[in-house]
Structures are given as C-alpha cells and as structure tokens.
Amino acid sequence: MNIKYDSLIGLSEVMLTFNDGPHSTLTPRLLDLLKEENIKAMFFVLGINVAANNNIKIVKRAFEEGHIIGNHTYFHRNLRSLSDFEIQTEILNTEGFIKDYMKTPKPFRPPYGATNSRINRIVRELGYVNVLWNVDTLDWKDKSIKWVKSAIPQIYAREYNVVLMHDTYESTINNVLELIKAIKGKKERYEFISYV
Ligand SMILES: [Zn+2]
C-alpha cells in the first residue's frame, strides 16, 4: 500500500491509526489504554458507526482527549465504484456528525485504501487530505497476538510509520499494548506522534 508522506502534516516517527469505529465498548477501552500510555492516535470513523448507539459521545471523548478524528466515509464502500455524487455523499454524511471534532486540514482515509485521481480530486475539493498507511498490521486477519508479532519488525525497519489497525476487533484491543510496549522499548529510535 502506498503512502503519501506529503499529505501527512507533522509526521515524524510512529502514528497509531484505528479504522472503522467507533465501537461502543471496544473504543472506550482503547481510549482508556491510550490515556494510560499517554499516546495520541488517529481514529478514522465510519458514519454508520458514529450514528449507532449514540457513539458520537465516543468521538467527542476521543477528540477531547487529544486524538485526531478523521473521516472514513459512511458505509465503507469502495469509492472507485461510485459516482462523484455518491462519493461526496459518503464523505459529507459522515462529516455532518463529526465536523465539530475534526481539525484542518480534515483527515480522510478511503475504505480499502482505494483511490484514484477522480476520488483524490473530490476529497481535495471537500477540504480533506488523504492519510494512508505504510504498516498494515492485518489485525483483521490474525485475531491473536500474531498481528503484533508481524507488525513489530515492519516498524523497526522504518523511520516513519503510520500503523493501520481497527478498533472494532477485541483481539486488537487486547494486544495493542504489546505493540506499544515494543515501540516504547526502542524509545531511542521511536517517538509516538500525532497529526497536528
Ligand atoms: Zn476501513
């Protein structure tokens, strides 16, 4: 997966990013853990999940605790197969919920990382920047400590890391502390950063 460093403002060492939430119980657990570890992360939320169960409260909490909120569309469709209008709707319907909690430039992450020049143009016109990733943990596939073990060498091999995870899997929340500890264990090389 390609990453566009020029679209990442203030990127330096390790940025933890979580897609597809908020989840009504797992995301609060993750927020507790990040607070304990004093780490700021990015959350790319889905409109459909923000709208469910009054989960907007979780988005508000994440924002108030210093995390960055980004738009990950409403229904998680592959934008390549949608019309311009449908793409705009996917983005704006989510923005309607989270606009008070997004910083400028507004961060956007396309579902599946699926972009092209047409999608990028629409994203730009709506005032967003793409924030992709360069460490794919595959936490959605390996629902055990395994994803951490494969992510650590990827992180150690790079200077700049934007780490993709999902706050919608219990196994991710159960194991993310191991990843954080491994990164903190190399603190002479790595610093957690966020998007400013
Ligand atoms: Zn996603």
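Here, the structure is the one placed above.
Residues numbered from 1 in each chain as written. Predicted model: local features only at pLDDT ≥ 70, side-chain atom pairs only at ≥ 80, totals over all residues. Heavy atoms only, no water.

### Thoughts on the pattern of salt bridges
Turning to step 1, where the next piece is worked out: According to the stated counting rule, one finds 13 salt bridges in the structure shown.
Turning to step 2, where the next piece is worked out: One salt bridge in this structure joins R29 and E170, with 3.4 Å as the shortest N-O distance. With R29 in helix 1 (residues 26-37) and E170 in helix 7 (residues 170-184), this residue pair connects regions lying 141 residues apart in the sequence.
Turning to step 3, where the next piece is worked out: Residues K106 and E95 are paired through a salt bridge, measuring 3.2 Å at the closest nitrogen-oxygen approach. Remark: E95 occurs in helix 4 (residues 84-98) and K106 occurs in strand 4 (residues 106-108); sequence separation between them is eleven residues. The same class applies to K106 as to E95, namely buried. (Salt bridge = Lys/Arg side-chain N within 4 Å of Asp/Glu carboxyl O. Helix = DSSP H or I, 4+ residues; strand = E, 2+ residues; numbered from the N terminus. Buried < 20%, exposed > 50% of the residue type's maximum accessible area, 1.4 Å probe, protein only.)

### Quick look at the packing of aromatic side chains
Turning to step 1, where the next piece is worked out: Summed over all chains, the structure comprises five aromatic pairs.
Turning to step 2, where the next piece is worked out: Centroid distance Y74 to F75: 4.8 Å. Interplanar angle 70 degrees. Geometry classified as edge-to-face.
Turning to step 3, where the next piece is worked out: Overall, the relative accessible area of 15% leaves Y74 in the buried class.
Turning to step 4, where the next piece is worked out: We classify F75 as partly exposed; its relative accessible area is 43%. (Phe/Tyr/Trp six-rings, centres within 6.5 Å; stacked < 30°, edge-to-face > 60°.)

From the geometry alone we can't say anything about function, so treat these as descriptive.
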